[in-house]
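The chain contents come next:
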Amino acid sequence: MSASTFQVERTQFNDDPAEDLSASTIRPSSFRFPSLTVTVPKELVHRASVAEVVLTDWQRIDETRFLLTAQWPRGHSFFTPVADGYHDPLIGCETIRQIGMLLGHAEFGVPLGHQFIVWDIDIAVRPQHLRVGWAPAALDIEVTCTEIKRRGRHLSRLRFEAVLRREGHIVATGGGSFSCMAPGVYRRVRGDHTLGGNWYQLPLISPAAPQSVGRMSPMDVVLSPTGERARWQLRVDTRHPILFEHAVDHVPGMVLLEAARQATASVLGRSSYLPLSIAAEFKRYAELDSPCMIEAVRLSDRGPDGEETVLVTGLQDGVPVFSATVTAGSHGL
């Protein structure tokens, strides 16, 4: 494991099977079982719970290329299998997000406590390799940084592309970009909209019918009906253990991606579908004290393989917050 600003010491054991594995044979900094897997430190991917960390290791190849590993569970409380047995592509988006945080901290020297502003994220999956199997999906990920910008000695912006492989087969491709902000700068930019600031969070509103947006549980629904077709108010439940995994002062990007996925399900009239691709751009912070309206429009008729594309936008106080293009496959029909 390589880390320029964060080191993890691993305990190793004597690898001679003839020796007794007593306490006296345990040696620090060596491992008898090299295939044992752990997650990367949760702090490096901005997670409070170890259970929500999907990355398991990383290694620098050169100045712009890295190899990482990850694991997707067979079942997850939120990223549940979709379209009758496929891994949820949104866990792929979460993997991309974690890659950016990890590399920023561990390889490009961004101190813990600095803020990351995600500007865009995208993923495209290959369904033939996305099926949930009899074991968690073990991923090998090749990452290439295509844009590295610094302000002085400090990283200011990073863009990267990733190829995710499962058993040697490409299961997904994707990427994203983010910029970094020191705590003092962040406080000036956010003003009162920081944790503990002088702002009032909107009350929780009622959810849309779960199956109308591709969900089973009302607690996982992030859209609330407005009475207008293809238009909802974003439903923000800061108690949700996954979408709001830790305290934040704005709506996380993964919540907006989930809103895009759910709006697509509603517009297409499908309670179950496989997103073949998702490409999102984030334009400004989505605040917790003002309604965010979600609108969706179908961009095309069904393609030759049954795919359909929907554009989802979010507006707050009439100003665009994000946009996402979601392409749904015919899987699950």
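Residues numbered from 1 in each chain as written. Predicted model: local features only at pLDDT ≥ 70, side-chain atom pairs only at ≥ 80, totals over all residues. Heavy atoms only, no water.

K.L.:
What should I look at first to understand the overall build of the protein chain in this one?
P.N.:
Within the protein chain, the regular secondary structure consists of 3 helices and 14 strands. Residues classed as buried in the protein chain amount to 46% of the 333 residues present. Excluding contacts between residues fewer than 6 apart, the proportion of contacts in the protein chain whose partners are at least 24 apart in sequence is 63%. Of the accessible surface of the protein chain, which amounts to about 15,900 Å², a share of 52% is contributed by carbon and sulfur atoms. (Helix = DSSP H or I, 4+ residues; strand = E, 2+ residues; numbered from the N terminus. Buried < 20%, exposed > 50% of the residue type's maximum accessible area, 1.4 Å probe, protein only. Contact = heavy atoms within 4.5 Å. Areas by Shrake-Rupley, 256 points an atom, 1.4 Å probe, with all protein chains shown as cover.)

K.L.:
What's the story with the environment of Arg190 in this structure? I'm lost.
P.N.:
Looking at the element boundaries, Arg190 is found in helix α2 (residues 183-190). For Arg190, a relative accessible area of 5% gives the class buried. It is 9.1 Å that separates the C-alpha atoms of Arg190 and Asp249, two residues lying 59 residues apart in sequence. Ignoring any residue separated from it by four or fewer positions in sequence, one finds Arg190 in contact with Asp249, His250, Tyr285 and Glu287.

K.L.:
Would you explain the packing of aromatic side chains in this entry?
P.N.:
What describes a pair of aromatic rings is the distance from one ring centre to the other and the angle between the planes of the rings. In total, this model carries 5 aromatic pairs according to the counting rule given. With a centroid separation of 4.9 Å and an interplanar angle of 45 degrees, the aromatic rings of Phe116 and Phe178 are classed as tilted. Taken as a pair, Phe116 in strand β5 (residues 115-125) and Phe178 in strand β8 (residues 169-181) lie far apart in primary sequence, 62 residues in all. On the basis of an interplanar angle of 20 degrees and a centroid distance of 6.4 Å, the ring pair of Phe282 and Phe322 is categorised as stacked. One end of the pair, Phe282, is in strand β11 (residues 275-282); the other, Phe322, is in strand β14 (residues 319-328), with 40 residues separating them in the sequence. Phe322 carries the same exposure label as Phe282, and that label is buried. Geometry around Phe78 places Arg215 over its ring, the cationic atom sitting 4.0 Å from the centre. (Phe/Tyr/Trp six-rings, centres within 6.5 Å; stacked < 30°, edge-to-face > 60°. Lys NZ or Arg CZ within 6 Å of the ring centre and 35° of its normal.)

K.L.:
What's the story with the layout of surface pockets in this structure? I'm lost.
P.N.:
Using a probe with the size of a water molecule, rolled over the atoms, empty space left in the structure can be pinpointed. By volume, the largest pocket is sized at about 1,200 Å³. Taken together, 47 residues make up the lining of the largest pocket; nearest its centre are His46, Gln115, Phe116, Val248 and His250. Put simply, the parts of the chain that give the lining of the largest pocket at least two residues each are α1 (89-106), β5, β7 (154-166), β8, α2 and α3 (253-268). Of the residues forming the lining of the largest pocket, the biggest block, 6 residues, is contributed by β5. Per-class residue counts for the lining of the largest pocket are 26 nonpolar, 11 polar and 10 charged. (1 Å grid on protein atoms, 1.4 Å probe; cavity = no way out; pocket = protein on both sides within 12 Å on 5 of 7 lines; lining within 4 Å. Points joined across faces, edges and corners; volume = space filled by probe spheres on them. Nonpolar A, V, L, I, M, F, W, Y, C, P; charged D, E, K, R; others polar.)

K.L.:
Would you explain the pattern of salt bridges in this entry?
P.N.:
Once their charged atoms are close, side chains differing in charge can pair, the charge on each being opposite to the other. Across all of its chains, the model carries 23 salt bridges by this definition. Between Glu63 and Arg60 there is a salt bridge, with its nearest N and O atoms 4.0 Å apart. By relative accessible area, which is 24% here, Arg60 ends up partly exposed. For Glu281, the salt bridge is made with Lys283, and the minimal N-O distance between the two is 3.6 Å. Connected via shared salt-bridge partners are Arg47, Glu94, Arg97 and Glu245. (Salt bridge = Lys/Arg side-chain N within 4 Å of Asp/Glu carboxyl O.)

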